Amino acid sequence: MSTEEELESLRAIFPGEVIEVDQDTFALKVPVDGAPSHCMLQWKYVPEYPIKDPPVVYVSAPWLPLDMARLLARSLQQQFDQDLVVYKWILWLQSELVPFLQRHDVSLAPDTPQRAAEAEEGKRVRYSFYYCLLFASGACFVFVLVKKLLSILLRQFFPSYCFIL
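1. Details of the packing of aromatic side chains
Counting across every chain of the model gives 6 aromatic pairs. Geometrically, the ring pair formed by Trp92 and Phe100 is edge-to-face, given 5.5 Å between the ring centres and 70 degrees between the ring planes. Across this residue pair, the class does not change: Trp92 and Phe100 are buried. Taken together, the aromatic side chains of Phe26, Trp43, Tyr45 and Tyr49 make up a single cluster linked through ring pairs.

Structural data, given as structure tokens:
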């Protein structure tokens, strides 16, 4: 079975629930037994899936601490056995997520000050990275623009000289 067939199966099992984030990335709200609300499973298919590597996975929920989300993603990827795995992950999240968190002494309280701070820190890190990339691309654009303008001005005022910019 290919990733396209897996995706078709998931769409048939969860009609209207599978969200296409981009070409290879998808998300699904997964109801979790015993949790305050659903969790969001996001996965990105990699070219080596399902032969060699599992999809890249990310799990989030308002009541799920960031460190547990990372541990959970690693745990899900370890369940990979060179087979299609996304449906297995969904079933595992529905029934085994709460016991997993209880084994790691995680409270399922939805809004604690620590979780709010962690969520804010996660946003800040993501936005900082985004703005850094945006600034870098803007700086490159400005540099190229200034270089081009300088080249035009120098050629206009000093046509007999050869400038290498």
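Alright, that's what it looks like, and here's the rest.
2. Quick notes on the sheet that holds strand S4 (residues 56-60)
Read across the sheet, 4 strands follow the order S1-S2-S3-S4 without closing on themselves; strand pairing throughout is antiparallel. The outermost strands of the open sheet, each flanked by one partner alone, are strand S1 (19-20) and S4. Bridging between S1 and strand S2 (residues 25-30) involves 2 bridges; their strand directions are antiparallel. Residue pairing for S2: Glu20 is matched across the bridge by Phe26. Against the sheet, helix H2 (residues 66-78) contacts strand S3 (39-44) and S4, and its axis sits at roughly 140 degrees relative to S4.

3. Here we look at the packing of H2 against helix H3 (residues 86-103)
Relative orientation and spacing of two packed helices are given, respectively, by the angle between their axes and the distance between those axes. Across the interface, H2 lies against H3 with an axial gap of 12 Å and an inter-helix angle of 130 degrees. One way to sum up the angle between H2 and H3 is to call them oblique. The element H2 and its partner H3 pack so that their crossing is right-handed. Contacts between H2 and H3 pair Met68, Leu71, Leu72, Ser75, Leu76 and Gln77 from the former with Trp89, Trp92, Leu93, Leu97, Phe100 and Leu101 from the latter. Of the residues belonging to the contact of H2 with H3, the class tally is 10 nonpolar, 2 polar and no charged.

4. Thoughts on the pattern of salt bridges
Evaluation of the coordinates by the stated rule reveals 1 salt bridge. We note a salt bridge from Arg11 to Glu20, for which the minimum N-O separation is 3.6 Å.

5. Structural notes on the environment of Met40
You can see Met40 is positioned in strand S3. Along the chain, Met40 and Ala61 lie 21 residues apart, while their C-alpha atoms are 6.2 Å from each other.

Rules used throughout
The written sequence of each chain sets the order in which its residues are numbered from 1. Local features in this predicted model are restricted to residues of pLDDT 70 or higher, and side-chain atom pairs are both shown and tallied only at a pLDDT of 80 or more, whereas totals for entire chains, interfaces and linings draw on every residue. As a rule here, side-chain values cover all heavy atoms of the structure and leave hydrogens and water aside. Only Phe, Tyr and Trp rings take part, Trp by its six-membered ring, and two of them pair if their centres are within 6.5 Å. Stacked means planes under 30 degrees apart, edge-to-face means over 60, and tilted covers everything else. In this scheme, a residue with accessible area under 20% of its type's maximum is buried, one over 50% is exposed, and one in between is partly exposed, where area comes from a 1.4 Å probe on protein chains only. By definition, two strands form a pair when at least two bridges between them are found by DSSP. Each helix is a run of DSSP H or I of at least 4 residues and each strand a run of E of at least 2, with the numbering of both proceeding from the N terminus. Residues count as neighbours in contact if any of their non-hydrogen atoms are within 4.5 Å of one another. Between N-to-C directions, angles cover 0 to 180 degrees, with each direction set by a line fitted to C-alpha atoms, over the stretch in contact for helices. Angle categories are assigned with fixed cut-offs, so that under 35 degrees is roughly parallel, over 145 is roughly antiparallel, 65 to 115 is roughly perpendicular, and the rest are oblique. When the near helix sits turned anticlockwise from the far one by under a right angle, the crossing is termed left-handed; a clockwise turn instead gives a right-handed crossing. Side-chain classes follow a simple rule in which Ala, Val, Leu, Ile, Met, Phe, Trp, Tyr, Cys and Pro form the nonpolar group, Asp, Glu, Lys and Arg form the charged group, and the remainder, Gly included, forms the polar group. Take a side-chain nitrogen of Lys or Arg and a carboxyl oxygen of Asp or Glu: if they are within 4 Å of each other, that pair is a salt bridge.

This is a description of form; function is not addressed.
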